[in-house]
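Read off the chains here:
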Amino acid sequence: MKNKEHTRQVRDTVVKKFKAGFGYKKISQALNIPRSTVQAIILKWKEYQTTANLPRPGRPSKLSAHTRRRLIRDAAKRPMITLDELQRSTAEVGDSVHRTTISHILHKSGLYGRVARRKPFLKDIHKKCRLKFATSHLGDTPNMWKKVLWSDETKIELFGNNAKRYVWRKSNTAHHLEHTIPTVKHGGGSIMVWACYSSAGTGKIVKIDGKMDGAKYRTILEENLMESAKDLRLGWRFVFQQDNDPKHKAKSTMEWFKNKHIQVLEWPSLGRFAVV
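Bear in mind the structure is a predicted one, so any value in this text is a computation, not a measurement. (Residues numbered from 1 in each chain as written. Predicted model: local features only at pLDDT ≥ 70, side-chain atom pairs only at ≥ 80, totals over all residues. Heavy atoms only, no water.)

**Quick notes on unusual backbone geometry**
Phase 1: Residues other than glycine seldom take positive phi values, yet glutamine 49 does so here, at roughly 60°.
Phase 2: Within the secondary structure, glutamine 49 is located in the loop between helix 3 (35–48) and helix 4 (65–77).
Phase 3: In this structure glutamine 49 comes out as exposed when scored by relative accessible area, which is 55%.
Phase 4: A positive phi angle, near 55°, is found at arginine 233, a position not held by glycine.
Phase 5: Residue placement: arginine 233 occurs in the loop between helix 9 (214–231) and strand 8 (239–242).
Phase 6: For arginine 233, a relative accessible area of 78% translates into the label exposed. (Helix = DSSP H or I, 4+ residues; strand = E, 2+ residues; numbered from the N terminus. Buried < 20%, exposed > 50% of the residue type's maximum accessible area, 1.4 Å probe, protein only.)

What follows is the structure, given as structure tokens:
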């Protein structure tokens, strides 16, 4: 909504009284208008030597200054709010504008829509365990890590919680907590696979049909683990990594490692590896 504008006659009277030596306060009281308005009229007259309306740069804004500030404040406090939600909130106060208009207002304030970064949802105990593991391996040589054969199962996401989510943020603020999305493993998907790799390249990748259990996991290891190590030329004494999934730590799975003369080492929360 456009703010109320005083007539040319009122503005001329303000300037006339100012020339006569009246102060801002006395002019305000005499004409019953705010002191800030008197000041603005006089400052404009001093700069342009006129009280007439100056040519505007373009079409007047459909939104009031109050509504624009409210939009910027809402986007800053709730980075994941959508343009549709902002559009509805402005309509509720009587200002109906297009989504593009709202977007332009936010851009002028330095807020742009960006894809939110993802951050693993780790508890303090997970962080402590991982830090302890990292410090215990500070003395390991690069050659040791070249002997590691990493593995995991994962779901390839098509729909669900791992879809992109946009947030309103300014430059260099992507790492802020309110601009990130906590994630967990296996947050939904359409296909699950087991795969392994080392610094020498990728090993076998296996599509998992149906429910993954301990028996199916041991079959995958039996058919793919040693063959992958051989293809990657890791030798017989390589390091095998797996996480702490229950089927990895099952009694039958541990017996399989024992029969294959594999020594299993502790891995921090959400992970585990074994040495052959």
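**A closer look at the packing of helix 4 against helix 5 (residues 83–92)**
To describe two helices that pack against each other, one gives the angle between their axes and the distance between the axes.
Phase 1: Following both chains from N to C, one finds helix 4 and helix 5 inclined at 145°, their axes separated by 11 Å at the closest point. For the crossing formed where helix 4 meets helix 5, the hand is right-handed. Side by side, helix 4 and helix 5 meet where Thr67, Arg70, Leu71 and Asp74 of the first sit next to Leu86, Ser89 and Thr90 of the second.
Phase 2: Here the contact of helix 4 with helix 5 is composed, by residue class, of two nonpolar, three polar and two charged. (Axes fitted to C-alpha atoms, helices over the stretch in contact; angles between N-to-C directions. Left-handed = near helix turned anticlockwise from the far one by under 90°. Contact = heavy atoms within 4.5 Å. Nonpolar A, V, L, I, M, F, W, Y, C, P; charged D, E, K, R; others polar.)

**Structural notes on helix 5**
Phase 1: All of the buried residues in helix 5 are Leu83, Leu86, Ser89 and Thr90. Summarising the axial view, the buried residues of helix 5 lie within an arc of 125°, below the 170-degree limit, and thus occupy one face.
Phase 2: Taken together, the buried residues of helix 5 touch helix 4, helix 6 (99–108) and strand 4 (166–169).
Phase 3: Just downstream of helix 5 lies glycine 94, where phi reads positive at about 95°. (Arc of directions from axis to C-beta.)

**Structural notes on the packing of aromatic side chains**
Phase 1: Under the counting rule described, the total for this entry stands at five aromatic pairs.
Phase 2: Centroid distance phenylalanine 18 to tryptophan 45: 6.4 Å. Interplanar angle 70°. Geometry classified as edge-to-face. In this pair, phenylalanine 18 is assigned in helix 1 (residues 8–19) and tryptophan 45 in helix 3, connecting sequence segments 27 residues apart.
Phase 3: Since its relative accessible area comes to 17%, tryptophan 45 is described here as buried. (Phe/Tyr/Trp six-rings, centres within 6.5 Å; stacked < 30°, edge-to-face > 60°.)

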